[in-house]
Amino acid sequence: MEPREETGKGANGRLRRKGYTPCIFYGPQMEKSVQGKLKTRDVERILATGRWESMRLNVTLPDGTEEMCIIREVQVNPLTDCPLHVDFLRLIKGRKITVNIPIEVLGRESAPGVKDGGVLETLREVEVETLPMNIPDVLTVDVSALQIGDAIHVRDLALPEGVELKADPDEIVAVVVMSRGVGESAAAEGEEPADVEVVAKGKAAREAEGDGEKSE
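Report on the accompanying structure. Predicted model, so just to flag it, every value in this text is computed and none were measured. (Residues numbered from 1 in each chain as written. Predicted model: local features only at pLDDT ≥ 70, side-chain atom pairs only at ≥ 80, totals over all residues. Heavy atoms only, no water.)

### Quick notes on the sheet that holds strand S2 (residues 20-26)
Then, in step 1: Strand order in the open sheet formed by six strands is S1-S3-S2-S6-S5-S4, and the pairing between neighbours is mixed. Where the open sheet ends on each side, the last strands, each with one partner, are strand S1 (2-3) and strand S4 (57-60).
Then, in step 2: Judged from the four bridges that link them, S2 and strand S6 (residues 83-90) form a sheet pairing that is parallel. Paired with Phe25 across the bridge in S6 is Phe88.
Then, in step 3: Along the sheet, helix H1 (residues 9-17) makes contact with S2, strand S3 (34-39) and S6, crossing S2 at roughly 125 degrees. (Pairing = 2+ DSSP bridges. Helix = DSSP H or I, 4+ residues; strand = E, 2+ residues; numbered from the N terminus. Contact = heavy atoms within 4.5 Å. Axes fitted to C-alpha atoms, helices over the stretch in contact; angles between N-to-C directions.)

What follows is the structure, given as structure tokens:
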């Protein structure tokens, strides 16, 4: 992370045109946040992994101090997907953190319900609490046995040691629902299609974290 002397919309715009992304570092046991900038190509490389929310990173601050952190938030241009601003949250060994972990779906093509024309709907991520050194890259869910109407819930997820769920245990992680075409076919044959309620949960509201003051 390089130092950033100027802040504000105009200054940030000039940085972006020069190939940099404004950023901020904040978190527990910090008197004040640290303003900085990163090369945009480095930020894009991290975002391209698709797992940036659960990646534990080491960042060198402008004063030369190296800190462990995660990316808590990224603002992107809705038209170009170019990163506009990055928030880094400081991690402290022995202090738990709440983080969203991506869900990796296995066995999609093998699911009987999908083969029968059903549609698989999945949750993108799930919120957990864990120590920094135990943050998992992903949580996997095997859907290869799902029939139409079958569902896997948050409570069914296999969690690594030391990782606790913060999400609703009854929230649906994966479900095979009857497609419109299959439902119409069943109705034509006098069958009653199964009713499946899909609960879609958005990203949890970001909590107020740390003792440091966050500012632009």
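From this point, things continue past the structure.
### Quick notes on unusual backbone geometry
Then, in step 1: For Gln29, which is not a glycine, the phi torsion comes out positive at approximately 60 degrees.
Then, in step 2: Residue classification places Gln29 among the exposed residues on the basis of a relative accessible area of 56%.
Then, in step 3: Unlike most non-glycine residues, Asp81 shows phi in positive territory, near 65 degrees.
Then, in step 4: By the secondary structure assignment, Asp81 is in the loop between strand S5 (66-76) and S6. (Buried < 20%, exposed > 50% of the residue type's maximum accessible area, 1.4 Å probe, protein only.)

### Remarks on the pairing of strand S9 (residues 125-130)
Then, in step 1: Counting buried positions along S9 gives five out of six residues, so the element sits mostly inside the fold.
Then, in step 2: Where strand S7 (residues 97-106) and S9 come together, six bridges link them in antiparallel fashion. Each bridged residue has a counterpart across the sheet, and for Asn100 the counterpart in S9 is Glu127.
Then, in step 3: Relative to strand S12 (residues 164-165), S9 runs antiparallel, the two being bridged by two bridges. Counterpart to Val128 in the pairing with S12 is Leu165.

### Some remarks on the environment of Ile103
Then, in step 1: Of note, Ile103 is situated in strand S7.
Then, in step 2: Residue class for Ile103 comes out buried when judged on its relative accessible area of 13%.
Then, in step 3: Along the chain, Ile103 and Glu125 lie 22 residues apart, while their C-alpha atoms are 5.1 Å from each other.
Then, in step 4: Ignoring sequence-local partners within four residues, the contact set of Ile103 consists of Leu123, Arg124, Glu125, Val126, Leu139, Val141 and Val173.

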